[in-house]
Amino acid sequence: MSTVRATKPIEGQKPGTSGLRKKTRVFAAPGYLENFVQAIFDAIGGGEGKTFVLGGDGRYFSDRAAQVILKMAAANGAARVIVGQNAVLSTPAASHLIRLNKTDGGFIMSASHNPGGPDEDFGLKFNAANGGPAPEALTDAMFAVTKTISEYRIVDAPDVDIATVGETTLGSMRVRVVDCVADYAALMETLFDFKALRTLFAGGFRMRMDSMNAVTGPYAREILENRLGAPKGTVTHAVPLPDFGGMHPDPNPVWAHELMDEMFGASGPDFGAASDGDGDRNMVVGRGIYVSPSDSLAVLAANAHLAPGYKTGLKGIARSMPTSAAADRVAAKLGLASYETPTGWKFFGNLLDAGRATICGEESFGTGSDHVREKDGLWAILLWLNILAERKETVEEIMNAHWRAYGRNYYSRHDYDALPVEVAERVMGGLRAALGSLPGRKVQGMTVAHADDFAYNDPVDGSVSKGQGLRVSFTDGSRLVLRLSGTGTEGATLRLYLERCAAGPEGLTEDVQAALAPVIAAAEELAGIRAITGRERPDVVT
Ligand code: VG1
Ligand code: CO
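Residues numbered from 1 in each chain as written. Chains lettered and ligands numbered in written order. Predicted model: local features only at pLDDT ≥ 70, side-chain atom pairs only at ≥ 80, totals over all residues. Heavy atoms only, no water.

Enquirer: Just checking my understanding: could you explain the sheet that holds strand β27 (residues 540-541) for this structure?
Expert: Across a sheet, strands are paired by hydrogen bonds formed along the backbone, either parallel or antiparallel in direction. Read across the sheet, seven strands follow the order β20-β21-β24-β25-β26-β19-β27 without closing on themselves; strand pairing throughout is antiparallel. Only two strands of the sheet have a single neighbouring strand rather than two, namely β20 (442-443) and β27. Across six bridges, the pairing between strand β25 (residues 479-484) and strand β26 (residues 492-502) is antiparallel. Within the sheet, the bridge partner assigned to Leu-482 lies in β26 and is Leu-496. Running over the sheet, helix α17 (residues 517-527) touches β19 (408-419), β20, β21 (446-453), β24 (470-474), β25 and β26 and is turned about 135 degrees from β26. (Pairing = 2+ DSSP bridges. Helix = DSSP H or I, 4+ residues; strand = E, 2+ residues; numbered from the N terminus. Contact = heavy atoms within 4.5 Å. Axes fitted to C-alpha atoms, helices over the stretch in contact; angles between N-to-C directions.)

Enquirer: What am I meant to see in the environment of Thr-341 here?
Expert: Positionally, Thr-341 belongs in strand β16 (residues 337-341). We classify Thr-341 as buried; its relative accessible area is 0%. In this structure the C-alpha to C-alpha distance between Thr-341 and Asn-457, which are 116 residues apart in sequence, comes to 8.6 Å. Excluding residues that lie within four positions of it along the chain, Thr-341 makes contacts with Arg-319, Ser-320, Met-321, Phe-347, Phe-348, Leu-351, Phe-454 and Tyr-456. (Buried < 20%, exposed > 50% of the residue type's maximum accessible area, 1.4 Å probe, protein only.)

Enquirer: Just to check I follow, could you spell out the domain arrangement of the protein for this structure?
Expert: Interface size is commonly expressed as the accessible surface area that is lost when the partners come together. You can read the domains of the protein as domain 1 (2-180), domain 2 (184-406) and domain 3 (408-541). A straight line from the C-alpha centre of domain 1 to that of domain 3 covers 35 Å. Between domain 1 and domain 3, the contact holds nine residues from the first and seven residues from the second. For the domain 1 and domain 3 pair, buried surface summed over both sides reaches about 600 Å², with 41% attributable to carbon and sulfur atoms. Our count for the contact surface shared by domain 1 and domain 3 stands at one salt bridge. Between Lys-23 and Glu-490 there is a salt bridge, with the nearest N and O atoms lying 3.6 Å from each other. On inspection of domain 1 and its partner domain 3, the count reaches three residue pairs in polar contact (both at pLDDT 80 or more). (Domains from an automatic or database assignment. Buried area = accessible area lost by both parts, 1.4 Å probe. Salt bridge = Lys/Arg side-chain N within 4 Å of Asp/Glu carboxyl O. Polar contact = N/O pair within 3.5 Å; in protein donor to acceptor, adjacent residues only side chain to side chain.)

As structure tokens, then:
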């Protein structure tokens, strides 16, 4: 019943920062998904006798895609696939299942924070046996196959029942449908002091968790409301919807504005959090205070020892290059190794596998640890809760104490969305050409200390990744970074990352954009974003 179907290469099936993302219509076109899935099987050396995990954020088209992937796994000789019920698994839960069951990898159907629906985005990423996103060598191999592919294999069989937990078969391949939350929740119980957290909620602590109609709803309800006793209704937008109910499941102050309004309102809860489409990102907010992801990483690293899973301390801290240096300050003070990697979680994998880093983070609302090989939204939220329970202070008190002890890195990211690719390239090209002449130059009263196109030398496997973003740092510790997004599906997205340091919490104004004004002006002077794009202001400021 297994058939080989002839096909032709499809252009542009190049996996980006986090898998392949395209408009749903593109993915659903005849042969498109099939070509990419076959390219994955070919790139990993075939599926014969292998086991895989399959799940996703439940977005539109996932149900169809899951059946195609199962039938192609069977035709490629896979022995077994572990599927989240109804093909739902958060990205960190999928990473955990790969590791727990020692599978050969997993397919995650998600375009993360990109909106879902027939006219929005779909995505597919393959995670390797360590549970982490395919490393660059593997995504390069997939891309190479997509350019020469001539056939794919699929079985002709009725759809598999993935709505019922239990074992079934597809030809000679076994399919195990699992509850999507159970194993993940059990892992969280090993890392955090659930008893202390139950006491916290029993004592009247109030929290709002906005799951943004995306995948964390069932996870957050089970963990926060059922296991930790948070009042029913603590989790909002808790039912994952194929189109996320029209929400943009990107947990930042712009898209999670309902949560922000509540946290900054008259009698807001003690703690607020949100997560993204596939559950790997998080935003945390205190009553009346927003915590930037770069600061959150630093606070989590400085306080992780308060949670049982990290009580013996950290091995090292890793952050992506555009993430602020706040985490470096913590590493320096604690005498820990610190690492600076390119954007994208795949670059943390080697450091985590080698035991060089315990906690990692990105400025884009991603934090995680060596418990899985993905960033993990609920993990970060639970670690914050554990720290709040132990320190018995408010988020604001913790942030102020942190800035007093370590200094403060003001930080913001400005995104220019859906630019014509050639316009975005012109901005990048201009700054890139000027890099060599910048050191020593005075810009907006600051002196350039260093300017380069970031290249990463992986200290574990020696691989080199070039062209990872243009960075300009100044002698006073300020910095600007410019790079193009690898996750967009329309035109090019230009990201400008801005950073400025102060010695303590009272160092600069509370208005972050005002505090960053000289760096913003320096970016315009050096890169001419407004002048070249004709855009008056960024589309999204976080
Ligand atoms: C963005 C973020 C990056 C993150 C990636 C995947 O990539 O900047 O930090 O790792 O999304 O996140 P880019 O190339 O658009 O800047 V998610 O939640 O998709 O898995
Ligand atoms: Co995500």
